[in-house]
Amino acid sequence: DAVAADIPALAELHVTTWNATYNTNSGPTVGTRAWQWNQVFAKPNRRDFVLVLEDRNGRLIGFTWGKPNDSGEFEGNLSKIYLRWENQGLGLGRGMMAETARRFLERGIHSFNLFAERSNPTLGFYDRVGGERLLDDRGQFDGAYGWRDVRKLIP
């Protein structure tokens, strides 16, 4: 579980992974992300959770952020999932999804969705881990995925 002391490393990881995913350097700054994460961790009576993944040296290499949905078809929302590019393809993303699913279940949340940019080059990962492509009102896929039973993510 991430704690407030992780915010500087979490902000750096968030910026680095977002920039690598979208092949840009024009995304939010580390300072902006640190401010945003400080806001998240400062909320009283939080119902969300932030999980971080560290390498053997204690460096953050991935994170997920899950929270309950207050309305809609899915009980939870996976707001963020990022893993450093050099650590992809090793099964770590699947492990992150499994642990996130466990945390949702601990909170009585049995389904969740996530919204990704259609330009995200890792959309295939969500397909491979059983995500259902959700269609918008026009019947088109716009980057939204859903898992109707989070237990299917847990090996």
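The structure under discussion appears in the preceding block.
Computed from a predicted structure; not experimentally measured.

The next subject is the overall build of the protein. Helix and strand content of the protein: four helices and six strands. Seen in sequence order, the protein has helices and strands lined up from the N terminus as α-α-β-β-β-α-β-α-β-β. Its C-alpha atoms give the protein a radius of gyration of 15 Å, within 12% of the compact-globule value 15 Å for 155 residues. With respect to the principal axes defined by its C-alpha atoms, the protein has extents near 40 × 35 × 30 Å. Residue burial in the protein is summarised as follows: out of 155 residues, 45% are buried. Of the contacts made within the protein by residues no fewer than 6 positions apart, 57% connect residues no fewer than 24 positions apart. Working note: accessible area of the protein is about 8,700 Å², and carbon and sulfur atoms make up 47% of it.

Looking now at the sheet that holds strand E3 (residues 76-83). Sheet architecture is open: six strands sit in the order E1-E2-E3-E4-E6-E5, paired in mixed fashion. A single partner strand is all that each edge strand has here, and the edge strands are strand E1 (49-54) and strand E5 (132-135). Neighbour-to-neighbour, the strand axes of the sheet open up by a mean angle of 30 degrees, direction not taken into account. Lying on the sheet, helix H1 (residues 7-21) is in contact with E1, strand E2 (60-68) and E3; it crosses E2 at an angle near 95 degrees.

Parameters at a glance
- Residues numbered from 1 in each chain as written.
- Predicted model: local features only at pLDDT ≥ 70, side-chain atom pairs only at ≥ 80, totals over all residues.
- Heavy atoms only, no water.
- Helix = DSSP H or I, 4+ residues; strand = E, 2+ residues; numbered from the N terminus.
- Rg over C-alpha atoms; globule rule 2.2 N^0.38 Å.
- Buried < 20%, exposed > 50% of the residue type's maximum accessible area, 1.4 Å probe, protein only.
- Contact = heavy atoms within 4.5 Å.
- Areas by Shrake-Rupley, 256 points an atom, 1.4 Å probe, with all protein chains shown as cover.
- Pairing = 2+ DSSP bridges.
- Axes fitted to C-alpha atoms, helices over the stretch in contact; angles between N-to-C directions.

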